[in-house]
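Residue-level listing of the chains:
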Amino acid sequence: MNVETIIIDVLLYIFEAWIFAFYAKLISVPQTGPLKRTALIMIGYSFLLIIYEFQNLIFIIISVVVINAILFYTLFSINLKAAFFHSSILAGIMASSEAITMLLVSIFTNNIFKSAENYSYIYLIDIVISKLSYFIIAFVIASFFANKERKEKNIKPYWIMLLLPLSDIVIMVVFRELLLDYTVPTKLYFLGAIAAFFILLSNIVVFYAFEISQKESAELSDLRAIQQKQEIDQKYFEIVDQSNKEMQLFAHDTKNHLMQIRNMENMDSVQKYIDSIYPSIDKFSSIGISQNKILDLIISKYIKLCEKNHLQFSVNVKTANLHYIADADLSTILNNLLDNSMEAAEQSQEKRISFSLYSRSKRYDALVLENSCDVAPIIEGSQLKTTKPEKRLHGLGLKSVLKVVEKYSGMYDWEYDEKRKIFKTVIAFPKTNS
């Protein structure tokens, strides 16, 4: 075995080690730090490189399955059975990628994979084609085994990136055919092999850099979420504090109210007086009624807005609070829907809005929003048409709502009661989200 072949084999196993680590992180969560994980993976693949020199195919395949399974089990949150399953999957992908390479080479040239083994430079190009195919297939397989959350966060952003290894495979196949079909100096074979090496290296660097950027983006999102939670807590405490101050003032006046009631001569007068002070008591009940801070904040916000705009706003959220919906998503749904309801109610005679959340058995939670609306909505196709003067902003709020509803596998519906002049929105969220 010459020096060139040894170097090629070392590069081959380094790339395979990277593919293993990439695949494992897509389907599972690492249990060790990156340095320790990288070191142990490289030690494991160094053993595989040594075993490869024995040239015993069955022994090599068994060793690949066992060592990969050990690495899966010790470095990632995978049980032993799943570790051997995914290890076998990777071994199968590796074998199939070599078969695909042989097929591609045989289709485009008269020189199949094995015949290229006598040409170290061509052999390296074949290795690049084989390992890029291995990487693409491993990624596609990983996307099927990852859960929904990991698909959204870990896998979905990478699909567009697959254009890089796919285009590199095409380039390598074409370049290989040119080298073998035409008489070219040895120098060009060498340059082709060097180019293949850098193509392989560029894929590792690009995907690693993209992985780092995704990680930084996720950390930034987490920081924003923490900041948003802190802002929500601060606003919530400010509202509670203001409510407590108002309650203290009301408590101070309670003595006067009781003395006034005591001096009244008949029940009709007492009832009228209680009715007159009841709204000042009822407004305190909106704080903390749902045990969901962002929901309570939004309810409090629209109670204030409706009071300012002389709209009746009734709320019933005592049997469900949509705690499983992220704060930003819940804000998107409620703010858009309630803004639209206020706009319609302000232009109606009744000027009324009713907001309810309730639980239906163990299957789903329902959000029901009704508002008075004197003018029937305009329908364009199957979509509601905006009546706002800014036509370019048509339906953006509702589209945002529908996107969030779809994210949580919910169902959205609306209806308009021509007789009662009521527009009703209903959203059902499966409790599988909770």
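Conventions adopted
- Residues numbered from 1 in each chain as written.
- Predicted model: local features only at pLDDT ≥ 70, side-chain atom pairs only at ≥ 80, totals over all residues.
- Heavy atoms only, no water.
- Helix = DSSP H or I, 4+ residues; strand = E, 2+ residues; numbered from the N terminus.
- Buried < 20%, exposed > 50% of the residue type's maximum accessible area, 1.4 Å probe, protein only.
- Contact = heavy atoms within 4.5 Å.
- Areas by Shrake-Rupley, 256 points an atom, 1.4 Å probe, with all protein chains shown as cover.
- Axes fitted to C-alpha atoms, helices over the stretch in contact; angles between N-to-C directions.
- Parallel < 35°, antiparallel > 145°, perpendicular 65-115°, else oblique.
- Left-handed = near helix turned anticlockwise from the far one by under 90°.
- Polar contact = N/O pair within 3.5 Å; in protein donor to acceptor, adjacent residues only side chain to side chain.
- Salt bridge = Lys/Arg side-chain N within 4 Å of Asp/Glu carboxyl O.
- Core = buried A, V, L, I, M, F, W, Y, C linked by side-chain atoms within 4.5 Å.
- Phe/Tyr/Trp six-rings, centres within 6.5 Å; stacked < 30°, edge-to-face > 60°.
- Expected span 1.5 Å × (residues − 1).
- pLDDT = per-residue confidence, 0-100.
- Pairing = 2+ DSSP bridges.
- Right-handed = clockwise from strand over helix to strand, strands pointing away.
- Nonpolar A, V, L, I, M, F, W, Y, C, P; charged D, E, K, R; others polar.

A. Representation of the overall build of the protein within the structure. A tally of helices and strands in the protein yields 12 helices and seven strands. Evaluated residue by residue, the protein yields a buried proportion of 38% over its 434 residues. Taking contacts inside the protein between residues at least 6 apart in sequence as the whole, the part at least 24 apart equals 72%. Summed over its atoms, the accessible surface of the protein is roughly 25,500 Å², and 61% of this surface lies on carbon and sulfur atoms.

B. Main features of the packing of helix α10 (residues 293-308) against helix α11 (residues 327-346). Closest axis-to-axis distance for the α10/α11 pair is 10 Å, and the angle between their directions is 20 degrees. Considered as vectors, α10 and α11 are oriented roughly parallel to each other. For the crossing formed where α10 meets α11, the hand is right-handed. On the side of α10, the interface is formed by I294, L295, I298, K301, Y302, L305 and C306, while α11 contributes D327, L330, S331, L334, N335, L338, D339 and M342.

C. Expanded view of unusual backbone geometry. Residues other than glycine seldom take positive phi values, yet H310 does so here, at roughly 60 degrees. In this structure, H310 sits in the loop between α10 and β1 (312-316). Phi at K351 is positive, roughly 50 degrees, even though this residue is not glycine. By the secondary structure assignment, K351 is in the loop between α11 and β2 (352-360).

D. Focus on the environment of N203. On the secondary structure map, N203 appears in helix α8 (residues 186-262). Taking the C-alpha atoms as reference points, N203 and F15, 188 residues apart in sequence, are found 9.9 Å from one another. Each residue touching N203, except ones within four places of it in the same chain, is listed here: W18, L132, L164, P165 and D168. For N203, the side chain forms a polar contact with the side chain of D168, separated by 2.7 Å.

E. Region of interest: the pattern of salt bridges. All told, the structure shown has six salt bridges when counted by the stated rule. Between K431 and D365 there is a salt bridge; the shortest N-O distance is 3.8 Å. Linking K431 in the segment after β7 (422-430) with D365 in strand β3 (residues 364-372), this pair joins segments that are 66 residues apart in sequence. For D365, a relative accessible area of 6% gives the class buried. With a closest N to O distance of 3.8 Å, D417 and R420 form a salt bridge. Relative accessible area serves as the criterion here: at 27%, D417 is assigned to the partly exposed category.

F. Inspection of the nonpolar core at higher detail. Counting residues in hydrophobic clusters, the biggest one holds 63 residues, and the most contacted among them are F72 and F135. Those elements that provide at least two residues to this core are α1 (3-27), α2 (34-52), α3 (57-75), α4 (80-108), α5 (120-145), α7 (163-181) and α8. Other than its neighbours up to four places away in sequence, F135 contacts F15, W18, I19, F22, L162, P165 and F207.

G. Seen up close, the packing of aromatic side chains. Counted under the stated rule, the structure contains 17 aromatic pairs. Three or more aromatic residues joined by ring pairs make a cluster, and in this case those are F15, W18, F22, F135, F139, W159 and F207.

H. Expanded view of α10. If you check α10, its first and last C-alpha atoms are 23 Å apart, about what 16 residues at 1.5 Å a residue would give, namely 22 Å. Every buried residue of α10 is listed here: I294, L295, D296, L297, I298, I299, S300, Y302 and C306. Positive phi appears at H310, one or two residues downstream of α10, with a value of about 60 degrees.

I. Spatial organisation of the confidence of the model for the protein. Of all residues in the protein, 76% have pLDDT values of 70 or greater, and the mean over the chain is 79. Note that residues 112-118 has pLDDT below 50 and, in this model, 12 contacts with residues that lie over four places away or in other chains.

J. Focus on the pairing of β2. Strand direction decides the pairing type here: β1 and β2, joined by five bridges, are parallel. Bridge assignment links S314 to a residue of β2, and that residue is S354. Remark: the β1/α11/β2 crossover connection has left-handed handedness. Where β2 lies against β3, eight bridges are found, and the strand directions are antiparallel. Counterpart to F355 in the pairing with β3 is L369. Between β2 and β3, which pair antiparallel in sequence order, lie three residues; one of them, S361, sits at a positive phi of approximately 50 degrees.

K. The arrangement of the pairing of strand β6 (residues 411-417) in detail. Bridging between β6 and β7 involves seven bridges; their strand directions are antiparallel. Looking at β7, one finds that Y416 is bridged to F423.

L. Seen up close, the packing of α2 against α3. The interhelical angle for the contact between α2 and α3, taken along N-to-C directions, is 170 degrees, at an axis separation of 10 Å. By the angle between their directions, the pair α2 and α3 is classed as roughly antiparallel. Judged by residue contacts, R37, L40, I41, G44, Y45, F47, L48, I51 and Y52 of α2 engage F59, I60, S63, V64, I67, N68, L71 and L75 from α3. Its residues assigned to classes, the contact of α2 with α3 shows 13 nonpolar, three polar and one charged.

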